[in-house]
Amino acid sequence: MLHPHLCRLLPLIDLHTHTDASDGRLSPAELVHAAGEAGVDVLAITDHDTIAGVLAAPRAGRTPAIVTGVEFSTTWNGIGVHVLGLNIDTASDAIAAGTAFQRTARERRAVRIGERLARAGIPDAFDRTSALAANGNVSRVHFAQFLVEAGYVKDRAQAFKRYLGAGKAGDVRDTWAALPLIIGWIRDAGGSPVLAHPMKYRLTRTKRTALVDDFAAAGGTAMEIVSGRQDAAQTRALADLCTSRNLLASAGSDFHRPGEPWARLGMPLALPRECRPVWDAW
Ligand code: AMP
Ligand code: MN
Ligand code: MN
Ligand code: MN
């Protein structure tokens, strides 16, 4: 049996994090610095639908090593689903085309969310939210920030519960590229398509299995087994599903900002023993 202290010799690999290029709080340089301080050895930067954050990340220091990444938004059977592209060639035509497509989709969606909030009695949401997303990459987190600052809700959680979450006025899902198209971009860029946080979708066990099967049939090669806000039984169930489908496994905190203990830099992210890590293929 391994002495507990030997565990510290295993590299800490976090393959899911955000910067302020999407809905994270930290700049790319701040994220890399904070990850290094937290003991992360390998860090993937996976902003929503953009590579601006990972391109701006400093590479000069020794740790953490940076893995290129992106988290694409899509829909599956009417449910919002996220697909990570890890170890992608950020200079590839496929990623340029994919992020351009998604940027237009995100802009179109932001306009529609604004229209729908206006009908719900909240005027000017689009203009005031766009001003909060400095680089124009408007997310629902920015809409939530506007709703809090304008006094419509008390915090971000309430903003999602009342206005932005599944089935609410600001829940507009039909603008994203389809799942097979997204997987194609990632593969064409030499990357690994990873189904992000499969336990975060409101799906029955049967439907979740169907999602994984569709994802694999479309060329997806890995799924995220370890993620923040997930209990041991859920990790166990995902590991079983992953090995039964012969998929590779990934792990990431989904860090967005300091102060959220369920998704913090440096949190333990070890994969169950029987999982084949996605990075084995790199
Ligand atoms: P978007 O990419 O614009 O669809 O925004 C989705 C992001 O909103 C997710 O990546 C989370 O960071 C955040 N989010 C989703 N649901 C919630 C929630 N219930 N409370 C707080 N943040 C959420
Ligand atoms: Mn996010
Ligand atoms: Mn996600
Ligand atoms: Mn994420």
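What you are looking at is a predicted structure, and each value in this text was computed from that prediction instead of being measured. (Residues numbered from 1 in each chain as written. Chains lettered and ligands numbered in written order. Predicted model: local features only at pLDDT ≥ 70, side-chain atom pairs only at ≥ 80, totals over all residues. Heavy atoms only, no water.)

Chemist: Sorry if this is basic, but what is going on with the coordination of the manganese ion (ligand 3) here?
Modeler: Distances from the manganese ion (ligand 3) to its protein donors, Glu 71 (OE), His 82 (ND1) and His 197 (NE2), fall within 2.1 to 2.2 Å. Spacing between the donor residues of the manganese ion (ligand 3) along their common chain follows E-x10-H-x114-H. (Donors = N, O, S within 2.8 Å, 3.2 Å for Na, K, Ca; no water.)

Chemist: Before we go on, may I ask you to explain the packing of helix 5 (residues 140-149) against helix 6 (residues 156-164) in this structure?
Modeler: Helix packing geometry: the angle between the two helix axes and the distance between the axes. Their axes nearest at 9 Å, the elements helix 5 and helix 6 cross at an angle of 105°. Classified by the angle between their axes, helix 5 and helix 6 sit roughly perpendicular to one another. Two secondary-structure elements touch here, helix 5 through Arg 140, Val 141, Phe 143, Ala 144, Leu 147 and Val 148 and helix 6 through Arg 156, Ala 159, Phe 160, Tyr 163 and Leu 164. A per-class count over the contact of helix 5 with helix 6 returns nine nonpolar, no polar and two charged. (Axes fitted to C-alpha atoms, helices over the stretch in contact; angles between N-to-C directions. Helix = DSSP H or I, 4+ residues; strand = E, 2+ residues; numbered from the N terminus. Parallel < 35°, antiparallel > 145°, perpendicular 65-115°, else oblique. Contact = heavy atoms within 4.5 Å. Nonpolar A, V, L, I, M, F, W, Y, C, P; charged D, E, K, R; others polar.)

Chemist: I keep staring at the site of ligand 1 and nothing clicks. Help me out?
Modeler: Taken together, the residues surrounding ligand 1 are Asp 23, His 48, Arg 106, Arg 109, Ser 139, Arg 140, Val 141, Arg 156, Phe 160 and His 256. Separating an oxygen atom of ligand 1 from a side-chain N or O atom of His 256 is a distance of 3.0 Å. Out of a free accessible area of 500 Å², ligand 1 has 71% covered by protein chains. The site holding ligand 1 turns out to be the largest pocket. Listed by contribution, the elements that provide at least two residues to the shell around ligand 1 are helix 3 (93-119), helix 5 and helix 6. (Near = heavy atom within 4 Å. Polar contact = N/O pair within 3.5 Å; in protein donor to acceptor, adjacent residues only side chain to side chain. Areas by Shrake-Rupley, 256 points an atom, 1.4 Å probe, with all protein chains shown as cover. 1 Å grid on protein atoms, 1.4 Å probe; cavity = no way out; pocket = protein on both sides within 12 Å on 5 of 7 lines; lining within 4 Å. Sits in = over half its atoms within 2 Å of the grid points.)

Chemist: Where do I start with helix 3 in this structure?
Modeler: It helps to recall that an α-helix has 3.6 residues per turn; residues three or four apart then point in one direction. Between the first and last C-alpha of helix 3 there are 39 Å, a value that for 27 residues agrees with the 39 Å anticipated at 1.5 Å per step. Every buried residue belonging to helix 3 is among Ala 94, Ile 95, Gly 98, Thr 99, Gln 102, Ala 105, Arg 106, Arg 109, Ala 110, Ile 113, Gly 114 and Leu 117, and all of these are buried. Residues of helix 3 that are buried make contact with strand 3 (65-76), helix 4 (125-130), helix 5, helix 6 and helix 7 (179-188). Remark: Gly 121 follows helix 3 within two positions and exhibits a positive phi of approximately 95°. (Expected span 1.5 Å × (residues − 1). Buried < 20%, exposed > 50% of the residue type's maximum accessible area, 1.4 Å probe, protein only.)

Chemist: Please explain the pattern of salt bridges as it appears in this structure.
Modeler: Side chains carrying opposite charge are able to pair once their charged atoms draw close together. Inspection of the entire model under this criterion finds ten salt bridges. One salt bridge connects Asp 155 with Lys 154, and the closest N-O pair in it is separated by 3.7 Å. Classification of Lys 154 as exposed rests on a relative accessible area of 64%. In this structure, Arg 257 engages Glu 260 in a salt bridge whose closest nitrogen and oxygen atoms are separated by 2.8 Å. What makes Arg 257 buried here is its relative accessible area of 8%. Look at the salt bridges and you will find they share partners, linking Arg 156, Arg 257 and Glu 260 into a network. (Salt bridge = Lys/Arg side-chain N within 4 Å of Asp/Glu carboxyl O.)

Chemist: Help me understand the coordination of the manganese ion (ligand 2), please; the structure alone is not making it clear to me.
Modeler: Ideal geometry at a metal centre: 109.5 degrees between donors when four sit tetrahedrally, and 90 or 180 degrees when six sit octahedrally. Within the protein, the atoms that donate to the manganese ion (ligand 2) are Asp 23 (OD), His 48 (NE2) and His 256 (NE2), at distances of 2.1 to 2.2 Å. With a relative accessible area of 8%, His 48 lands in the buried category. Relative accessible area serves as the criterion here: at 12%, His 256 is assigned to the buried category.

Chemist: I tried to follow the confidence of the model for the chain on my own but got confused; where do I start?
Modeler: If pLDDT is low for a region, its predicted coordinates should not be looked at in detail. Of the residues in the chain, 97% have a pLDDT of 70 or more, and the chain-wide mean is 94. Here residues 1-6 is modelled with pLDDT under 50, and outside its nearest four sequence neighbours on either side it reaches zero contacts, counting other chains as well. (pLDDT = per-residue confidence, 0-100.)

Chemist: I'm lost on the environment of Ala 144 in this one. Help?
Modeler: Within the secondary structure, Ala 144 is located in helix 5. Separated by 15 residues in sequence, Ala 144 and Thr 129 place their C-alpha atoms 8.6 Å apart. Each residue touching Ala 144, except ones within four places of it in the same chain, is listed here: Arg 156, Ala 159, Phe 160 and Leu 164.

Chemist: I keep staring at the sheet that holds strand 6 (residues 222-227) and nothing clicks. Help me out?
Modeler: One key point about sheets: their strands pair by backbone hydrogen bonds, in either a parallel or an antiparallel sense. With mixed pairing, seven strands are arranged side by side in an open sheet as 1-2-3-4-5-6-7. Edge positions in the sheet fall to strand 1 (13-14) and strand 7 (248-252), since each of these pairs with one other strand and no more. Strands strand 3, strand 4 (79-86), strand 5 (192-195) and strand 6 of the sheet are contacted by helix 8 (residues 205-217), whose axis makes an angle of about 170° with strand 5. (Pairing = 2+ DSSP bridges.)

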